[in-house]
Amino acid sequence: MSDRVELGEVRAALVSLPGVRDAAVHAARHAAGTVRIVAHVVTRTPPAELRAALRSRLPSHLVPACLHRVPHIPLLPDGAADRRALAALTAKEPEPPPASPAPATPTASASSAPSDPSAPWAASASVPVTVTPQQRAVLPHALAHQGTGRYVEQLHWRWRGPLDTALFTAAWQSVFDREGVLRAAFDGDAEPRLVLHEDARAEVVRHPAGSVGFEELRERDRLRGFDLRRPGLLRLTLLDEPGPADGGPPSVRILLTFHTVVLDGWSVAVLLDEFYRAYLAGGRLPGGDRRPDCRDYARWLAGQDTAPARDFWSSAAPGAAALVLPAVEGPATGLTGTGRAEVRLGAGPAGRLRAWAASCAATEAGALQAVWALLLYRAGAPAGPAVVGFGVRVSGRGVALDSVERLPGLLTNSLPMAVRVDPAAPLARLLADLRDQALELAAYEWVSLGQVHEWSGRGTDDALVESLVAFEQQRRGSATLRSALAARGVDVDAPRAAGTHTVLPVTLSAHRDADAGLVLAAVHDRARLADDDAARLVRQCARLLCELPGLAGGSATVSDALAALGDEPPVGMAPAPAATAAGEPT
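First, a word on what this report is: a plain description of the structure on this page. Not measured: the values here are computed from a predicted model. (Residues numbered from 1 in each chain as written. Predicted model: local features only at pLDDT ≥ 70, side-chain atom pairs only at ≥ 80, totals over all residues. Heavy atoms only, no water.)

**Section: the overall build of the protein**
Here is the rule: By the criteria applied, helices consist of DSSP H or I runs no shorter than four residues and strands consist of E runs no shorter than two, each listed in order from the N terminus. For each residue, the accessible area found with a 1.4 Å probe, counting protein chains only, is set against the maximum for its type, and the residue is called buried under 20%, exposed over 50%, and partly exposed in between. Any two residues having at least one pair of non-hydrogen atoms within 4.5 Å are treated as being in contact. Only the protein chains shown count as covering a residue, and every accessible area follows the Shrake-Rupley method with a 1.4 Å probe.
Scanning the protein from terminus to terminus reveals 16 helices and 20 strands. Here the protein, with 586 residues, has 51% of them falling under the buried criterion. By sequence separation, contacts in the protein at least 24 residues apart represent 76% of the contacts at least 6 residues apart. Of the roughly 25700 Å² of accessible surface on the protein, a fraction of 53% belongs to carbon and sulfur atoms.

**Re the packing of aromatic side chains**
Applied cut-off: Two rings from Phe, Tyr or Trp (for Trp, the six-membered ring) form a pair when their centres are within 6.5 Å of each other. A pair whose planes differ by under 30 degrees is stacked, one over 60 is edge-to-face, and the rest are tilted.
Counting across every chain of the model gives 12 aromatic pairs. Each ring, one from W159 and one from F168, has its centre 5.9 Å from the other, and the planes form 70°; the classification is edge-to-face. Exposure class is identical for W159 and F168. Each is buried. Centroid distance W159 to F275: 6.5 Å. Interplanar angle 55°. Geometry classified as tilted. Residue W159 is located in strand β5 (residues 152-160), and its partner F275 is located in helix α7 (residues 265-280); the two are separated by 116 residues in the primary sequence.

**Notes on the side chain of D296**
For clarity, the cut-off: Throughout this description, a polar contact denotes any pair of N or O atoms lying within 3.5 Å of each other; where both atoms belong to protein, one of them has to be capable of donating a hydrogen while the other can accept it, and for residues adjacent in sequence the pair is counted only when both atoms sit in side chains.
Within the fold, D296 resides in helix α8 (residues 294-302). Given a relative accessible area of 14%, D296 falls into the buried group. A distance of 2.7 Å separates a polar side-chain atom of D296 from the backbone nitrogen of D293.

**Looking at the nonpolar core**
Generally speaking, nonpolar side chains in soluble globular proteins are found buried as a group. Here is the rule: Here, nonpolar core means buried Ala, Val, Leu, Ile, Met, Phe, Trp, Tyr and Cys residues that are tied together by side-chain atoms lying within 4.5 Å of each other.
The biggest cluster of nonpolar side chains holds 78 residues, and the ones touching the most others in it are W313, W372, V388, F390, L430, W446 and L520. Top contributing element to this core by residue count: helix α11 (residues 364-380), with 10 residues. Leaving out residues up to four positions away in the same chain, F390 has contacts with Q369, W372, A373, L376, L415, P416, M417, L434, V465, S467 and V469. Formed by 54 residues, the second largest nonpolar core is a distinct cluster that contains A200, F226, L238 and V252.

**Observations concerning the pairing of strand β9 (residues 234-240)**
Side-chain direction in a regular strand flips from residue to residue, so the side chains alternate between the two faces of the sheet. As a reminder of what qualifies: A strand pair is defined by DSSP finding two or more bridges across the two strands. Handedness rule for crossovers: strands pointing away from the viewer, path from the first strand over the helix to the second running clockwise, crossover right-handed.
The element β9 is largely enclosed, with a buried count of six among its seven residues. When strand β8 (residues 203-207) meets β9, the two strands line up parallel, connected through five bridges. Bridge pairing links V204 to L236 in β9. Read from β8 through helix α6 (residues 214-224) to β9, the crossover connection turns out right-handed.

**Details of the pattern of salt bridges**
What counts here: By convention in these notes, a salt bridge is any Lys or Arg side-chain nitrogen within 4 Å of a carboxyl oxygen on Asp or Glu.
The full count for this structure, using the stated rule, is 35 salt bridges. For D199, the salt bridge is made with R44, and the minimal N-O distance between the two is 2.6 Å. Of this pair, D199 sits in the loop between β7 (193-197) and β8 while R44 sits in the loop between β2 (35-43) and α2 (47-55), and the two are 155 residues apart along the sequence. The partner of R224 in a salt bridge is E203, with the nearest N and O atoms 2.8 Å apart. Here E203 lies in strand β8 and R224 lies in helix α6, a separation of 21 residues in the sequence.

**Quick look at the sheet that holds strand β1 (residues 20-29)**
Stated precisely, the cut-off is as follows: Axes here refer to lines fitted to C-alpha atoms; in helices the fit is confined to the stretch in contact. Angles between the N-to-C directions go from 0 to 180 degrees.
Taken in spatial order, the three strands line up as β1-β2-β3 in an open sheet, and their pairing is mixed. The sheet terminates laterally at β1 and β3 (66-69), the two strands that pair on one side only. Within this sheet the neighbouring strands show an average axis-to-axis angle of 20°, counted without direction. Alignment of β1 against β2, held across nine bridges, turns out to be antiparallel. Paired with V20 across the two strands is T43, which belongs to β2. Strand contacts of α2: β1, β2 and β3, with the helix running at about 130° to β3, the strand carrying the most contacts.

**Describing the sheet that holds strand β12 (residues 338-345)**
With mixed pairing, six strands are arranged side by side in an open sheet as β12-β19-β18-β15-β13-β14. Single-partner strands in this sheet number two, and they are β12 and β14 (413-421). Direction aside, the axes of adjacent strands within the sheet are offset by 25° on average. In terms of strand pairing, strand β18 (residues 506-512) meets strand β19 (residues 518-525) through seven bridges, oriented antiparallel. Within β19, the residue paired with R512 across the bridge is L518.

**Let's talk about the environment of P71**
Note that P71 resides in the loop between β3 and α3 (83-90). According to the relative accessible area criterion, P71 is buried, its value standing at 16%. Considered as a pair, P71 and V42 are 29 residues apart in the sequence and their alpha carbons are 5.7 Å apart.

**Things to note about the pairing of β19**
Among the eight residues in β19, seven count as buried, and that is most of the element. Judged from the eight bridges that link them, β12 and β19 form a sheet pairing that is antiparallel. Residue pairing for β19: R340 is matched across the bridge by V523. Hairpin connection from β18 to β19: five residues lie between these consecutive antiparallel strands, with A516 at a positive phi of about 70°.

**Overview of helix α4 (residues 133-144)**
Looking at α4, one finds that the buried residues are Q134, Q135, V138, L139, H141 and A142. On its buried side, α4 packs onto β6 (184-187), β7, β10 (251-259) and β14.

Here it is, written out as structure tokens:
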């Protein structure tokens, strides 16, 4: 019975049951030499029903002899279950001997609660989880900027067809009940920790048509923000639109607002698929499969050896002499807030760019990084070769954790990149250097920017990067779910970002649109970069991207690429205000 594979099979069967949040399984040896399987389960489902369900899934010798319900699974520093702490949790609640075998009966749902409200599992229990380095870096700034809309992101889309508010809310509540990250909040000041609460209510509010404008509603909801010490860091707002004149189906604008200290855009796409599954199933998420969650990711992080990462970033991070500004010093703008300048490359230019990048053994993302490196070099105006530095956004999902692509949480990360730009060198070499560094960086995309800053030896007031480049690889929603919704007369758009915010002077992002074009956007701090300058900057990026495929193959140099901008002067950027917080994460 000491076989870890068999014990793992028992735990897997337990956590696959509806209503089971977590479980720990071990083998206990008694004085008589007998061995029994003991299980501790975070659930409201009565043990007898759990055991009955297990009999239909496991061989009889693997059905636990003792099955205890506990409010949470305490962990040791290495991520293993703390058996001593588990024993303390169950010492006052001994389970009666297991009943005689009985035929398997349907398992209870997550809403099956014991009738005694004083039972420990009936309370709103919480499970502490180690805060990741990335969250630890963001959290102080997020707490300091509550009510300002910083670190709050929003998506919006249209729902055409019938929308049952009660069913919509029940479906989201089912997702909240399944996904621990949606019941997460933060606790503690000096040593913060993430706490997974047993219960959190899904907030869904519906406004009638004409009661409020969508942009007003969106901005109001963004500035409302979230209380990071309370669970439920995602909410939904529905706004009915006036009935169409042609008598078509009704339309509802949906606004999803979430806090980036617990979720990223990829995660929200995962959660949306879960919601659609629940909506189609009558408001209850079907199946008992359990993807990894933030606890699994925290355990994985705790097991990583940071020594190789420290060695890599000690030399790979931009040095103090790196050129990091994409603009020359200019006057104060007199503006506040965040702006957005956007330009689109049509399907033709975007297709030529993709083909050219592929011929150079590069990608569109690599071409975008190369163009940004050229602009940084141009703004710095060095006499010869120079190193430039900027941040790049990575998905964080290239780590060796099973099913990480289905893990909802904060994994998207921003990391620094430094590359040498030589005006006399072939442009193909710049692309190759960026590609090679991206491959090396991918092994350490789980490291936080704060850790990199510390390992680089830079001072607290010495920013590693002043800009960020992000090629958005959006997760596609399930075509099967969209077809199932269409069969019920419902058509849903793909979600779009409803205004993005940046803590850097400028973030350059790009994504492919539905028509095979490439959309470039410069999200900028208006106190540093005026709207006209931001628009000129993103147009320069687009111009270079369009010109690159026309250069003379492998013989084209960096100088040849820069010549595509002609005599157009670099844009101007105001100095950083003295009150700007140093080291704020991107």
